[in-house]
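# Structural characterization, general
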Amino acid sequence: MPYYYDVIVVGAGAAGLLAAGRAAECGAKVLLLEKMNRPGRKLTITGNGRCNVTNTAQLGEFIKHIGPDSKFVRPSFSKFFSKDIVNLLEKNGVPTVVEDDEFVFTKSCKAIDVVNALVKWNKESGVEIICNSNITDIIKKDNCVEYVVTETNVKYYSKTIIVTCGGASYPATGSSGDGYKWFKSLGHKVTPIRPALVPLETKGNTAQQLQGLSLSKTKIIVWVDGKKKIERVGDMLFTHFGITGPLVHSLSRHIIEDLQKGKNIVFAFDLLSDIPESEIDSYLLKQISIHGKKLFSNFISLYLPPKLIPVCFNATGILPDKICNLISANERKKLRLWLKEFKIEISGSRSFAEAMVTSGGVSLDEVDSKTMQSKIIENLFIAGEILDLDADTGGYNLQIAFSTGYVAGESAAKYSLGKKYLSL
Ligand SMILES: Cc1cc2nc3c(=O)[nH]c(=O)nc-3n(C[C@H](O)[C@H](O)[C@H](O)COP(=O)(O)OP(=O)(O)OC[C@H]3O[C@@H](n4cnc5c(N)ncnc54)[C@H](O)[C@@H]3O)c2cc1C
């Protein structure tokens, strides 16, 4: 006996919970299917367990953090944006706070509260949620999707289907890239996927020497095949394999393709970013003369964390027991260059298992940005990370999932309740 719904949503992550809740609010009979034993597994680990829900940036600034086609999200952001998710959570008992004037976190510091609130909203709106339901295929008839099949061969029929099964990153949370093959077989173009917001592996043993050292508000300049590509300021950490942390994750989005093409990638750390390039020589000269009688090792410890000091000796060749007054102009130049551009070559990235998001996915050309409706199959809707969209760290990725999910839910409900909603 098949089951009939107005809207079936596949995947109860950030996008799926918004899609299902909104579709039900619009009056549709909604089924939300989740592979794992509970909804929102990935959501519970976001923002180090505190969930960086969104970002307070205005639309124009917000979309600068999104690629490859940031224009795509404008219509969904204009329907459901940062203040809307904040209000929805607040209404369902989860107040938020803003940190550093932009990052919105749960006030309770508990990402699980976001999941519980969204599940509560779904249930109160009338959504039926079935967990432990691993969808293995989406079946099409006469150019319309008709039903989904679970691995135990249960078939759920629906007037519309919304796919929100996420990307291929952090597969342990349930998003193991299942959707890409469905979309390919349904006739959609899927752009190549790559890990994004991912830790990076480095050449040599410098990172190992520095393992455990974190640098905050540090500036990194990225060089690709000898050309400056991007520079950013933020927090990072050295690990046994290389580098990680929010700054590294954000920069990784911009170089993974170059890495895969075999280009030479160098991260140059500006360890004295407060001092402009033009003033660094006179600054060092002055500091060295003030501390002229100190040993170089004591002098440099005023500026660098202990783990970086041996790396500095090695790179500059200045002996630790050299008296500062005896440092030559050439040595000072080496020190200046090293402090402004301490370089580490990137050898690779960690895998999808450690990537916060997936870049690439269902091609945006074939999805209506106003409705999230497929341009290939009329009663199919798509939202969240499965789309060829990804963003920097800072709450941007969740907002993409929330906004596109909300719009997909509303459009699918309208479609299934009689108003065809394709805005072609
Ligand atoms: C460690 C970590 C921290 C992060 N922190 C932040 C943050 O603080 N702020 C931010 O903006 N972004 C953050 N992100 C990114 C953010 O979590 C994702 O962009 C977002 O969750 C994507 O939402 P989604 O609904 O598209 O996919 P997901 O949240 O991955 O949800 C997809 C759901 O579909 C289910 N599913 C998959 N396949 C099937 C199937 N075959 N059948 C049924 N169900 C299926 C999955 O089990 C999953 O529940 C973080 C990511 C990670 C990994």
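Nothing here was measured: the structure is a model prediction, and the numbers come from that model.

## Looking at the packing of helix 1 (residues 14-25) against helix 6 (residues 111-125)
Relative to each other, helix 1 and helix 6 sit at 25°, their axes nearing to 8 Å. With respect to each other, helix 1 and helix 6 are oriented roughly parallel. When the axes of helix 1 and helix 6 are compared, the crossing they make is left-handed. Here Leu17, Leu18, Ala20, Gly21, Arg22, Ala24 and Glu25 of helix 1 come into contact with helix 6, specifically with Leu118, Val119, Trp121, Asn122 and Ser125. Each residue belonging to the contact of helix 1 with helix 6 can be placed in one class, and the counts come to 7 nonpolar, 3 polar and 2 charged.

## Some words on the environment of glutamate 102
The residue glutamate 102 is located in the loop between strand 5 (96-99) and strand 6 (103-106) in this model. Separated by 44 residues in the primary sequence, glutamate 102 and glutamine 58 have C-alpha atoms spaced 10.0 Å apart. When sequence neighbours within four positions are dropped, the list of residues in contact with glutamate 102 reads Thr54, Asn55, Thr56 and Tyr396.

## Concerning the sheet that holds strand 5
Taken in spatial order, the 3 strands make up an open sheet running 3-6-5, and their pairing is antiparallel. Only two strands of the sheet have a single partner each, and these edge strands are strand 3 (52-55) and strand 5. Here the strands of the sheet are splayed against their neighbours by 30° on average, with no regard to which way each runs. Bridge count for strand 5 against strand 6 is 4 bridges, and the pairing is antiparallel. Opposite glutamate 99, over in strand 6, you have phenylalanine 103 as the bridge partner.

## Brief notes about the site of the ligand
Within the structure, the ligand sits among 35 residues, and Ala15, Glu34, Asp178, Glu385 and Leu398 are positioned closest to it. At 2.7 Å from an oxygen atom of the ligand is found a main-chain nitrogen or oxygen belonging to leucine 398. Taken together, the elements giving at least two residues each to the shell around the ligand come down to helix 1, helix 2 (41-45), helix 7 (178-185) and helix 15 (396-416). Looking at the shell around the ligand, the element that brings in the most residues is helix 15, giving 4 residues.

The rules we used
- Residues numbered from 1 in each chain as written.
- Predicted model: local features only at pLDDT ≥ 70, side-chain atom pairs only at ≥ 80, totals over all residues.
- Heavy atoms only, no water.
- Axes fitted to C-alpha atoms, helices over the stretch in contact; angles between N-to-C directions.
- Helix = DSSP H or I, 4+ residues; strand = E, 2+ residues; numbered from the N terminus.
- Parallel < 35°, antiparallel > 145°, perpendicular 65-115°, else oblique.
- Left-handed = near helix turned anticlockwise from the far one by under 90°.
- Contact = heavy atoms within 4.5 Å.
- Nonpolar A, V, L, I, M, F, W, Y, C, P; charged D, E, K, R; others polar.
- Pairing = 2+ DSSP bridges.
- Near = heavy atom within 4 Å.
- Polar contact = N/O pair within 3.5 Å; in protein donor to acceptor, adjacent residues only side chain to side chain.

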